[in-house]
Amino acid sequence: MLPSVAFAQDNKSLAIEEVVVSAQRREQNLQDVPISIQAFSENTLKDSGVDNIQNLGSVTPGLNMTGQLQAVTPYIRGVGSPDASVGQESNVAVYIDGVYQANPNVTAFSFNNIERVEVLKGPQGTLFGRNATGGLLQIISKTPSDTPYIKGSVKAENYQTFGSKLYATNGLFDGVAGDIALVYSDQNDGYGENLTLNTDVNKSTEKGARVSLLFDLSEDSSLLLAGDYAKRSSSVGMYNAVYPGSVAFDGQVIFAGCVAGMGGDPAAPTANQAGTCVPIAQDQATKAPDDWQDSYSAYLGESLSTTRGFTATYTRSLGNVDFKSITAWRESSVSSDFEQSASALELIHIDINKQGYDTTSQEFQFSYLGDRFNWVAGLYLYDDTSGMVGRGLGISGAVVSPSQRIVAEIDTRSYAAFGEVVYSLRDSTRLTLGARFTKDERGITQDFYSGGAFALSSSDEESWSEPTWRVVLDQDFGESTLAYASLSRGFKSGNYNVSAAPGQVPVDPEFIDSFELGVKAQVLDNRLQFNFAAFAYDYTDMQVSRIEAGSLVTVNAAEADVSGLEFDFVGNVSSQLQVMGGLSYVKSEYAKFKNAPVYVPSSTGLGGNELVVTDLSGNDLARSPEVTANVGATYDIGPFVLGANYYYNDGFSWEPSGRIKQDSYQTVNAFAAWYNSDRTIGVRLYGNNLTDEEYASFVLEQEVADNYEPAPPRTFGVELSYEF
């Protein structure tokens, strides 16, 4: 199956089946929603080689899924943030079953028991609101059923990776149904090797469970209770390698040790000492490994992520008005340690032994669906406490720094009221007016320790109140074509940098004003659907992230202009063959970014980088490819199903400086499956990144070196599935 659709089961009909989405907080046909949106079923994602949120970009042009350590950092139409530090929130919001996921470090878990995934492009500042300036990723889980059903799979991949999934649902009592979903994956061999420590790197283990109960309280009301737990350990993203062309900071340490060994002063070497020691340092300094997946890091970094949560969703029909309450509690933590320089000498050992989020949210929704007049309104309350305990220790022989430790906490309180009205001006013309008012209150406390002793404490608090809005005019042209024009504003809240120096100035909110034109069409008796959108953004008070004193911090530094075109399609060529594809063109630049701090290679030639200030106005936005595209097909021939998906990314700059660029790359995922006559048992052969393309999941320019984390290499395996 392919994005947004399923094969029509009746061979006499080649019409694409209707896809229902909840992008406007009510269920609608995908083609009736005046928003740029793509939706994917569980089978669609599986057949396209997408088994977790990190791979979602391969079927969604305009969505660039990058990373930061173990976190997922998505960008939509050039809008996103690489900062996954504690307390920071992404410009692309992630929701699971209507619940906002605050911690970007715990959204990398594998998909299981999902009904669909929706990708909303552009600011979603009215009905969702929470920091969704770039867009929204919404994951919808299956709902328990009274009908007994079980589905499971076991798989084996290269790199000695083994995994299994199970989903089961059934009626438990009269008016009560339940389900359970389990997932497990264990990768025993790493994608690469640490050549200094002679051990594997870039591997992970994951396990998780979700249980839910659905109570039919009456004909007009229901209660859905859900609880989940997941745990993941991984060495992926732990500053494993020095980027090609860069030289690590240990060159300076080697030089200092060489000069000192000759009886000189490293700060003022003689010409003879420098002439002897510079070539030695340049030769012995850590550089990029020959194999893209390998590493020379002196310390084997690893992270451990855990997340747990509970959600209660109550719905009730109050005559002509429907009421919904979503109550959620989530707790997550990440512990990680790594060698920040990625060098063969242990220079900067970072140990974040606790990075946690404790989040409670409450949302009330009221909605009305009439002949000419529809509306939805609600209140949203959000409370989050995020904290960290972090330590950095320098060990370098000639250069020794004391242990630096920080204990910090950010408290967030947010209150919002929202509403949206859709009025039919005529039978074929509708006007949508939406607004949201948000008040955020944030406070920070920091305790700093040096050499094991308390050094100083710092605290501050700030609040921001902002309106966001949306205006849409959409028009039906016959029964199969919808055109729309929209104006909207997105807002990302202000914040603090948890590991920044005391006395910091809070980061102010950023804003995006968006104008979009779109067309959604169904032609050839609905055998072909295609969607087109053109958009332009005015991006102000832009929050930009950079490395300062070894920590990733966010500041207000820029204004930007973004514009582009998008196109996606899906078609049933025959009862057996379905094709799909899409293309995104995004032109982005910093309209104003003066006095920008930029890291450039050290002028000493001994490794590491130094900070300079320059004007980056006119540069492309970071992590914003100009062209992304995909095309795929699925061919169903009796007991066999074949499928493939091709993805192209024309490259982008990793940082605003544009100094390090991701070259263009392409990936191919494919599968071949056999099923028995009633399709309850299947065997599937699959492969991802079949061309073994070498590209990065993230790159960081910083003082100690330019580091990168490689994206996964070619993987392939076999899966046995069953469904009853």
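Residues numbered from 1 in each chain as written. Predicted model: local features only at pLDDT ≥ 70, side-chain atom pairs only at ≥ 80, totals over all residues. Heavy atoms only, no water.

Observations concerning a negative patch on the surface
Then, number 1: A surface patch of like charges, here negative, comprises D460, E461, E462, D508, D538, D541, E559, D561, E589, D620 and E626.
Then, number 2: Those elements giving two or more residues to the negative patch turn out to be β25 (453–477), β28 (528–548) and β29 (551–572).
Then, number 3: At 3 residues, β25 tops the list of elements feeding residues into the negative patch.
Then, number 4: Locating E559 in the fold gives a position in strand β29. (Patch = residues over 30% accessible without salt bridge, like charges linked within 9 Å, V, L, I, M, F, W, Y side chains within 5 Å. Areas by Shrake-Rupley, 256 points an atom, 1.4 Å probe, with all protein chains shown as cover. Salt bridge = Lys/Arg side-chain N within 4 Å of Asp/Glu carboxyl O. Lys, Arg positive; Asp, Glu negative; His and termini not counted. Charge placed at Lys NZ, Arg CZ, Asp CG, Glu CD. Helix = DSSP H or I, 4+ residues; strand = E, 2+ residues; numbered from the N terminus.)

Some thoughts on unusual backbone geometry
Then, number 1: Positive phi, normally seen in glycine, also occurs at R77, with a value near 55°.
Then, number 2: Among the structural elements, R77 can be located in the loop between β5 (71–76) and β6 (79–80).
Then, number 3: Even without being a glycine, R623 presents a positive backbone phi close to 60°.
Then, number 4: Summarising the element assignment, R623 is placed in the loop between β32 (609–614) and β33 (627–637).
Then, number 5: For R623, a relative accessible area of 1% corresponds to the buried category. (Buried < 20%, exposed > 50% of the residue type's maximum accessible area, 1.4 Å probe, protein only.)

Re the nonpolar core
Then, number 1: By size, the foremost hydrophobic cluster in this structure holds 37 residues, and its most contacted members are V21, Y100 and M388.
Then, number 2: Elements that contribute at least two residues to this core include exactly β3 (37–41), β7 (92–96), β21 (348–369), β22 (373–396), β23 (399–426) and β24 (429–450).
Then, number 3: No other element matches the 5 residues that β23 contributes to this core.
Then, number 4: If sequence neighbours within four positions are ignored, V21 has contacts with R26, E27, Q28, L30, V33, I37, A39, R116 and E118. (Core = buried A, V, L, I, M, F, W, Y, C linked by side-chain atoms within 4.5 Å. Contact = heavy atoms within 4.5 Å.)

So, the side chain of D179
Then, number 1: Within the secondary structure layout, D179 lies in strand β13 (residues 176–187).
Then, number 2: Here D179 is buried and forms no salt bridge, its nearest opposite-charge partner R210 lying at an N-O distance of 4.4 Å.
Then, number 3: Here Y167 takes part through its side chain, which lies 2.9 Å from a polar atom of the side chain of D179.
Then, number 4: Among the polar contacts listed, one links the side chain of D179 to the side chain of S212, at a separation of 2.2 Å.
Then, number 5: Setting aside residues up to four positions removed in sequence, D179 forms contacts with K142, T143, P144, Y167, A168, T169, R210, V211 and S212. (Polar contact = N/O pair within 3.5 Å; in protein donor to acceptor, adjacent residues only side chain to side chain.)

Details of the sheet that holds strand β40 (residues 706–710)
Then, number 1: Across the sheet, which stays open at both edges, the 3 strands sit in the order β18-β40-β39 with antiparallel pairing between neighbours. At either margin of the open sheet sits one strand with a lone partner, and together these are β18 (241–242) and β39 (696–701).
Then, number 2: In this sheet, β40 lies alongside β18 in antiparallel orientation, the contact comprising 2 bridges. Each residue of the ladder has a partner; that of A241, found in β40, is Y708. (Pairing = 2+ DSSP bridges.)

Regarding the sheet that holds β7
Picture the strands of a sheet paired through backbone hydrogen bonds; they go either parallel or antiparallel.
Then, number 1: An order of β3-β9-β10-β7-β8 is seen for the 5 strands of this open sheet, with the pairing classed as mixed. Pairing within the sheet leaves two strands with one partner each, and these edge strands are β3 and β8 (99–100).
Then, number 2: As paired elements, β7 and strand β10 (residues 135–141) share 5 bridges and run parallel to each other. Residue pairing in the sheet places V92 in a bridge with G135 of β10.

A closer look at the confidence of the model for the protein chain
Then, number 1: Of all residues in the protein chain, 95% attain a pLDDT of 70 or more, and the chain-wide mean is 89.
Then, number 2: Confidence drops under pLDDT 50 across residues 1–12; counting only partners more than four residues distant or on other chains, this segment forms 47 contacts.
Then, number 3: Below a pLDDT of 50 lies the segment residues 393–402, which in the model reaches 18 contacts outside its immediate sequence neighbourhood of four places, other chains included. (pLDDT = per-residue confidence, 0-100.)

What to know about the pairing of β40
Then, number 1: Where burial is concerned, most of β40 is hidden: 5 out of the 5 residues are buried.
Then, number 2: Residues D706, Y708 and P710 line one face of β40 and the alternating positions N707 and E709 line the opposite face, and both faces are buried.
Then, number 3: Inspection of the sheet shows β39 paired to β40 by 5 bridges, in the antiparallel sense. Bridge pairing in β40 links L700 to N707.
Then, number 4: Joining the antiparallel neighbours β39 and β40 is a turn of 4 residues.

Points about a nonpolar patch on the surface
Then, number 1: Together, V154, F640, W674, I681, V683, L685, V718, L720 and F724 make up a nonpolar patch on the protein surface, roughly 780 Å² of accessible area in all.
Then, number 2: When residues in the nonpolar patch are grouped by element, the largest group, 3 residues, is from strand β38 (residues 681–688).
Then, number 3: Position of F724 relative to the elements: it lies in the segment after β41 (715–723).

Structural notes on the state of the cysteines
Then, number 1: Counting across every chain of the model gives 1 disulfide.
Then, number 2: Across the disulfide, C258 is cross-linked to C277 (sulfur-sulfur distance 2.1 Å). The sign of the S-S torsion, about -75°, decides the handedness of the disulfide formed by C258 and C277: left-handed. Residue C258 is located in helix α2 (residues 250–261), and its partner C277 is located in helix α3 (residues 271–284); the two are separated by 19 residues in the primary sequence. (Disulfide = S-S within 2.5 Å.)

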